[in-house]
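Examination of the molecular architecture
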Amino acid sequence: MIDVRIWDPQGNAATGEFEQIVTLHRKSKATLGQLPFAAFRQAGEQGHLLMGFVNGKLEGYVLYSTPRHHTLKLVHVCVAVGARGTGLAGAMVEAAIRHNPGRSTITAHCRSDYGLDGFWRSLDMTPEAERAGRAKAGSTLIVWTRRIGPRDLLEEALYGSARPLAVLDSNVLIDLYSSEAIDRHDRHESSGLSEDWIVDLLELTYSPEAYVDLKAFADAGERTRMQRRLGSLVALRRVDGMKALVEQLISKMPSAMVLKDRSLSSDAIHLADAILAGADFFVTRDNNLIEATSEWIAREYDLEVLRPVALIQQMMPEAALSRFRSDLLESVGLAWSTVSTVSAALEQAFLDHRSQEKGAFFKKELQAVLASPNSARLSVLTDKRGRQLALLGTRVQGELLTVPILRVARGTLGSTIAFQLVRYLRDIALSLGAAAVSVVEDRLDPVVANALRADGFVGHPMVVTVARHPPEGLKRLASAIDVAAYERQNWPQILLDSGLPLWVVPIQPTYARGLLGFNDTLISARDKPALGLSREFAYFSSPKIKAWDVPARVLWYVTKDTNAKEPTAVRALVAHSRVTDSVVMEVGAAMSQYRSFGTLREREIRDRSRDGRVRVLRFEDTQLLDEPIARRNLGPIFDRFAIKTPIQSARMVPSHLFDVVVRDQPGFEGR
């Protein structure tokens, strides 16, 4: 029989009980460490000293502290040798938790060379961090933790989310969070899980068991790095029933595989935590685990065990928006051309094989567009190699632009085109005087459909209204976030006098060409890009620039090209964008996540870094000014706002400067 009581310093048996506790400490101080008797008495007076009895005999004690409002720290957990294995330690720890219902974390510090990992794991605690110990010979303290009490806000958001829950195996976490110095074969497969598009579609998490696996990682620096970076995700909460479920899972795996691959027993702990959390996916690069569970786990536990690439492919049809990659459009030489006859090559390029569309029916739809040359147009987008990337059929009926044909080529480049096509439709409608766009294409690729929905198209057929300027009487929006959301959904409208933070950012001409659509003839004659400007990019700068409040606006100032002669140097404000994020990151992480959204090479990104870190600005909805403002004309404007020149680095300026610049444009049409 196990009984746990709080030591009462005023009790009749207090003196004898205290002496027994001290004796237990002396016998185990090799692994408990030194602690003054005064500390025992102080803990007792605070009610933080628990006694454990087995069959009426005092066989153990727990001494704990509450150093912060949410933490319960186990200072000593001591059980006499003869009582070990009875469950006394667990009973005392659970009693401490019950007596502190407002605590959210229980923690303990233990030297790694004590060999007590199994004990702490038996209490469902995991090694989340480590630090240097005090021993003269050098030691490492492992910080063991466990979540207790009510869920915090982050956990509630994780468990309450309507998005699918994907639990990442340790091998995937190591792929994502270890440095480039660690050679991880095929780690690029896991890196796709860090892209924004999939993060927006899933809740990514991990089992507390991941910390146990990371503890076995040989390199201490890498362990610390990964433990810290795991903080970017919310871990699952370990709950009752995990151990029993682990035994069930192992029993269902082929016994020969379990005997041959001992890691499957550890994998079962990850799986049990995932199942008890109601996860939809367990993502691993362990083929043995996938094989060992393939026949039964989805059927019996409603959990799909799969590789990162399989999950990415499974989510892909719902993720058109996120598949945008500006690097695929940098040098493809896109151009629209009018289609006058339907060729076999055109038909084959855009036939919807997914729905087993008949070629004869598709050809009739194309010919129906060609049959109305006065009001309809069929266009194909090709690159300089002649590849057909998009097919667009449009028809103008009064103030409505109807789109009976909207198709993109298969593959990654086609998905990137789809991301931009939805804005191009708005541009066409506005140029033709239409006030709405209706997409009546009845075989929309899921990639295209998702891009349309993200851009504000609704209903069936999918429709959106368009306008160059906000409607009269539009009420002032309450926050910068509301302004950004409105402009994103109502491009190309711009809300002036909104008070969004404003920066002027200098950019060299060579980079402005890729990021902004700028070219050397910008001032005299600007060619219209095939799809309009790309919608989302990243700009890399020195981390010393102070933090940005986002969303914000940017006015892009193109500096002098170092190779240009003075009479032909640009030096002008040429475009504006809306900044959606500003973050300082390690260079490796920045390149992994955002290099495809920018135009810089790795060396150039590193040149902008400081102490291995770089600031990443993500911006969208760039619009070139109808008439760039040259430096000689900027002087009076800058003087009005007390802005000192020259502009050599990103600088925050009064937000009203943006309103002045836009209102002075010849195409503004007075608002």
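Above this text you will find the structure in question.
What comes next is a walk through the structure. (Residues numbered from 1 in each chain as written. Predicted model: local features only at pLDDT ≥ 70, side-chain atom pairs only at ≥ 80, totals over all residues. Heavy atoms only, no water.)

**Some remarks on the overall build of the protein chain**
For clarity, the threshold we go by: Secondary structure elements are taken from DSSP: a helix is a run of H or I of four residues or more, a strand is a run of E of two residues or more, and numbering for both begins at the N terminus. The protein chains shown are the only cover counted for residues, whose accessible areas, like all others here, come from Shrake-Rupley with a 1.4 Å probe.
On a plain count of helices and strands, the protein chain comes out with 26 helices and 23 strands. A total of about 32,000 Å² of accessible surface is found on the protein chain, and carbon and sulfur atoms cover 50% of it.

**What to know about the packing of aromatic side chains**
Defined as follows: Ring geometry is summarised as follows: Phe, Tyr and Trp rings, the Trp one being its six-membered ring, pair when their centres sit within 6.5 Å, and such pairs are stacked at plane angles under 30 degrees, edge-to-face over 60 and tilted between the two. Note on exposure labels: buried denotes an accessible area under 20% of the residue type's maximum, exposed denotes more than 50%, and partly exposed covers the range between, all computed with a 1.4 Å probe on protein chains only.
Considering all chains together, one arrives at eight aromatic pairs under this definition. With centroids separated by 6.5 Å and ring planes inclined at 85°, the aromatic side chains of Phe 18 and Phe 40 adopt a geometry described as edge-to-face. Here Phe 40 lies in helix H2 (residues 37-45) and Phe 18 lies in helix H1 (residues 14-32), a separation of 22 residues in the sequence. With relative accessibility at 7%, the residue Phe 18 sits in the buried group. Relative accessible area serves as the criterion here: at 0%, Phe 40 is assigned to the buried category. Their ring planes at 10° and their centres at 5.1 Å tell us that Trp 336 and Tyr 424 sit as a pair that is stacked. Taken together, the positions of Trp 336 in strand E12 (residues 335-338) and Tyr 424 in helix H19 (residues 412-431) put the pair 88 residues apart, joining distant regions of the chain.

**Some words on the pairing of strand E13 (residues 376-382)**
The condition is simple: Strands were regarded as paired on the criterion that DSSP finds at least two bridges between them.
Summarising burial for E13: six of the seven residues are buried, a large majority. Examined bridge by bridge, E12 and E13 share four bridges and lie antiparallel to one another. Residue pairing across strands places Ser 337 opposite Val 380, the latter belonging to E13. Of the pairings in the sheet, the one linking E13 to strand E14 (residues 388-397) comprises seven bridges and is antiparallel in character.

**Some thoughts on the sheet that holds strand E11 (residues 304-306)**
This is how the line gets drawn: Angular values range over 0 to 180 degrees, each being the angle between N-to-C directions of two axes fitted as lines to C-alpha atoms, with helices fitted over their stretch in contact.
Read from one edge of the open sheet, four strands run E9-E8-E10-E11, paired in parallel fashion. Looking along the sheet, the strands with just one partner apiece sit at the ends: strand E9 (203-205) and E11. Going from strand to strand, the sheet's axes swing by 25° on average, the running direction of each strand aside. Two elements, strand E8 (residues 165-168) and strand E10 (residues 281-283), share three bridges in a ladder whose sense is parallel. Among the inter-strand pairings, Val 167 is bridged to a residue of E10, identified as Phe 282.

**Brief notes about the nonpolar core**
For soluble globular proteins, nonpolar side chains are generally found buried alongside one another. To keep things clear, this is the line we draw: Nonpolar core, defined: a set of buried Ala, Val, Leu, Ile, Met, Phe, Trp, Tyr and Cys residues in which side-chain atoms within 4.5 Å join the residues together.
Counting residues in hydrophobic clusters, the biggest one holds 31 residues, and the most contacted among them are Leu 406, Leu 425, Val 437, Val 439 and Leu 452. Elements with a contribution of two residues or more to this core: E14, strand E15 (400-408), H19, strand E16 (436-439), helix H20 (446-454) and strand E17 (462-465). The element best represented in this core is H19, accounting for nine residues. Residues Leu 158, Met 242, Trp 296 and Val 305 belong to the second largest nonpolar core, which totals 29 residues.

**Let's talk about the sheet that holds strand E5 (residues 105-111)**
Taken together, the seven strands give an open sheet; going across it, the order is E1-E2-E3-E4-E5-E7-E6, and neighbouring strands pair in mixed fashion. Both edges of this open sheet fall to strand E1 (2-6) and strand E6 (126-132), since each of them pairs with a single strand only. This sheet shows a mean twist of 30° between the axes of neighbouring strands, independent of strand direction. Across six bridges, E6 lies against strand E7 (residues 140-147) in antiparallel orientation. Within E7, the position partnered with Ala 132 by the bridge is Thr 140.

**Things to note about the side chain of Thr 394**
As a reminder of what qualifies: In what follows, a contact means two residues having at least one pair of non-hydrogen atoms within 4.5 Å.
With respect to the helices and strands, the residue Thr 394 is situated in strand E14. Beyond its immediate stretch of four places on either side in the chain, Thr 394 contacts Ser 375, Ala 376, Arg 377, Leu 401, Thr 402, Val 403 and Pro 404.

**Quick look at unusual backbone geometry**
That bond from His 460 to Pro 461 is cis: its omega, 0°, falls within 30 degrees of zero. Relative to the helices and strands, Pro 461 resides in the loop between H20 and E17. Following Val 550, the chain continues to Pro 551 via a peptide bond in cis, the omega torsion being 0°. Here the phi dihedral of Asn 55 falls at roughly 55°; this positive angle occurs in a residue that is not glycine. Within the secondary structure, Asn 55 is located in the loop between strand E2 (49-54) and strand E3 (57-65).

**Remarks on H1**
Which entries qualify depends on this criterion: A helix is expected to span 1.5 Å for every residue after the first. Axes are fitted to the seven residues ending at a residue and to the seven starting at it; the angle between these axes is taken as the bend at that residue.
Over its 19 residues, H1 extends only 22 Å from the first C-alpha to the last, a length that falls short of the 27 Å expected when each residue adds 1.5 Å. The principal kink in H1, of about 50°, is found at Arg 26. Burial in H1 covers these residues: Ala 14, Glu 17, Phe 18, Ile 21, Val 22, Leu 24, His 25, Ser 28 and Leu 32. Remark: Gly 33 follows H1 within two positions and exhibits a positive phi of approximately 85°.

**Topic: the pairing of E2**
Burial analysis of E2 places six of its six residues in the buried class, the great majority of the element. Here E1 runs beside E2; their pairing, made up of five bridges, is antiparallel. Paired with Asp 3 across the two strands is Phe 53, which belongs to E2. Examined bridge by bridge, E2 and E3 share six bridges and lie antiparallel to one another. For Met 51, the partnering residue across the bridge sits in E3 and is Tyr 61. Two successive antiparallel strands, E2 and E3, enclose a turn made up of two residues, where Asn 55 displays a positive phi of approximately 55°.

**Brief notes about the packing of helix H11 (residues 242-252) against helix H13 (residues 263-276)**
In helix packing, the relevant descriptors are the interaxial angle and the interaxial distance, both defined with respect to the helix axes. To keep things clear, this is the line we draw: Roughly parallel means an angle under 35 degrees; roughly antiparallel, over 145; roughly perpendicular, 65 to 115; everything else is oblique. Crossing handedness follows the turn of the near helix against the far one: under a right angle anticlockwise gives a left-handed crossing, and clockwise gives a right-handed one.
H13 packs onto H11 with a crossing angle of 120° between their chain directions and a minimal axis gap of 8 Å. Put simply, H11 runs oblique to H13. H13 is crossed by H11, and the crossing has right-handed handedness. On H13, the residues that touch Met 242, Leu 245, Val 246, Leu 249 and Ile 250 of H11 are Ser 265, Ala 268, Ile 269, Leu 271, Ala 272, Asp 273, Ile 275 and Leu 276.

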